[in-house]
Amino acid sequence: MPKIISILIVCLGLGLSIGAQTIAGSWKLTSLILEGDMAYGITQPVTLTLDENGRFSGHSGCNDYVGLYAVKSLKSNFKKPQKIQFSDLIFCSAKKVCQLSSNTENAFFRSLKEGTTIILENDELVIQNKATVIGKILVQNTMTFARENRATP
């Protein structure tokens, strides 16, 4: 009888860990909306990689960047908003010709620095800043990312 209970506990534990979602991985920006209504066109690929040690990196369409992030738990139920904080943003490279992507890049970095919550649902990662209401208008920055395919061609 104790063996059966041990096996059930192990199986239940595996089931829970398999069902847990993680934000760690590589993401590609699909949507960037500032102040609730201003959508930015994404002319160059913008990526975000979150590792399991609290570091992030990516390419903003013009510059490479790195930094640190913190969430309460990497293996959490990210279907409900979780608090996140991005810090120590450093640019790794700068290209001279960034005119096509510079507005999007500036909006991306602003949204990343101001990001306060994160949601993961159906392989979409959503980062939002704290919503404020001005008059009757909700103002909030929202970035949506799709998980990048890990398979290499």
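Residues numbered from 1 in each chain as written. Predicted model: local features only at pLDDT ≥ 70, side-chain atom pairs only at ≥ 80, totals over all residues. Heavy atoms only, no water.

Draft legend 1. Looking closely at the overall build of the protein chain. Broken down by element type, the protein chain carries two helices and 13 strands. When burial is assessed residue by residue, the protein chain has 35% of its 153 residues classed as buried. Partitioning the contacts of the protein chain with sequence separation of at least 6, the portion at a separation of at least 24 is 56%. Just so you have it, the protein chain exposes about 9,800 Å², and 58% of that area is on carbon and sulfur atoms. (Helix = DSSP H or I, 4+ residues; strand = E, 2+ residues; numbered from the N terminus. Buried < 20%, exposed > 50% of the residue type's maximum accessible area, 1.4 Å probe, protein only. Contact = heavy atoms within 4.5 Å. Areas by Shrake-Rupley, 256 points an atom, 1.4 Å probe, with all protein chains shown as cover.)

Draft legend 2. Layout of the nonpolar core. Among the nonpolar cores identified, the biggest contains 25 residues, and I23, L50, F108 and F145 are the most heavily contacted of them. Contact partners of F108, with chain neighbours within four places excluded, come to L29, L32, V46, S60, Y65, M143 and F145. (Core = buried A, V, L, I, M, F, W, Y, C linked by side-chain atoms within 4.5 Å.)

Draft legend 3. Examining the packing of aromatic side chains more closely. Tallying each qualifying case throughout the model produces eight aromatic pairs. For the ring pair F91 and F109, a centre distance of 4.9 Å and an interplane angle of 90° mean the geometry is edge-to-face. Residue F91 is found in strand β8 (residues 82-93), and its partner F109 is found in helix α2 (residues 102-114); the two are separated by 18 residues along the sequence. With a relative accessible area of 5%, F109 lands in the buried category. Clustering of aromatic rings is evident, with ring pairs tying together F56, Y65, Y69, F86, F91, F108, F109 and F145. (Phe/Tyr/Trp six-rings, centres within 6.5 Å; stacked < 30°, edge-to-face > 60°.)

Draft legend 4. Just the pairing of strand β13 (residues 142-147), in detail. Pairing between strand β2 (residues 25-34) and β13: six bridges, direction antiparallel. Considered in β13, the bridge of I33 is made with T142. Direction of pairing for strand β10 (residues 124-129) relative to β13: antiparallel, over a ladder of five bridges. Across the sheet, residue L125 finds its bridge partner in β13, namely F145. (Pairing = 2+ DSSP bridges.)

Draft legend 5. Examining the pairing of strand β4 (residues 47-50) more closely. One ladder, built from four bridges, connects β2 with β4; its direction is antiparallel. Directly across from G25, in β4, lies its bridge partner L50. Relative to strand β5 (residues 55-59), β4 runs antiparallel, the two being bridged by two bridges. The partner of L50 across the bridge, within β5, is F56. Counting the residues in the hairpin turn of β4 and β5 gives four residues, including G54, whose phi is positive at 85°.

Draft legend 6. A look at α2. Along its 13 residues, α2 runs 18 Å from first to last C-alpha, staying within 8% of the 18 Å computed at 1.5 Å per residue. Along α2, the positions that sit buried rather than exposed are T104, E105, A107, F108, F109, S111 and L112. (Expected span 1.5 Å × (residues − 1).)

Draft legend 7. Main features of the pattern of salt bridges. Counted under the stated rule, the structure contains three salt bridges. For the salt bridge of R110 with E114, the shortest nitrogen-to-oxygen distance reads 3.7 Å. One end of the pair, R110, and the other, E114, are both in helix α2, four residues apart, so they sit about a helical turn from each other. The partly exposed category is assigned to R110, whose relative accessible area is 34%. Here D123 ties to R147 by a salt bridge, and the two come within 3.1 Å at their closest N and O atoms. (Salt bridge = Lys/Arg side-chain N within 4 Å of Asp/Glu carboxyl O.)

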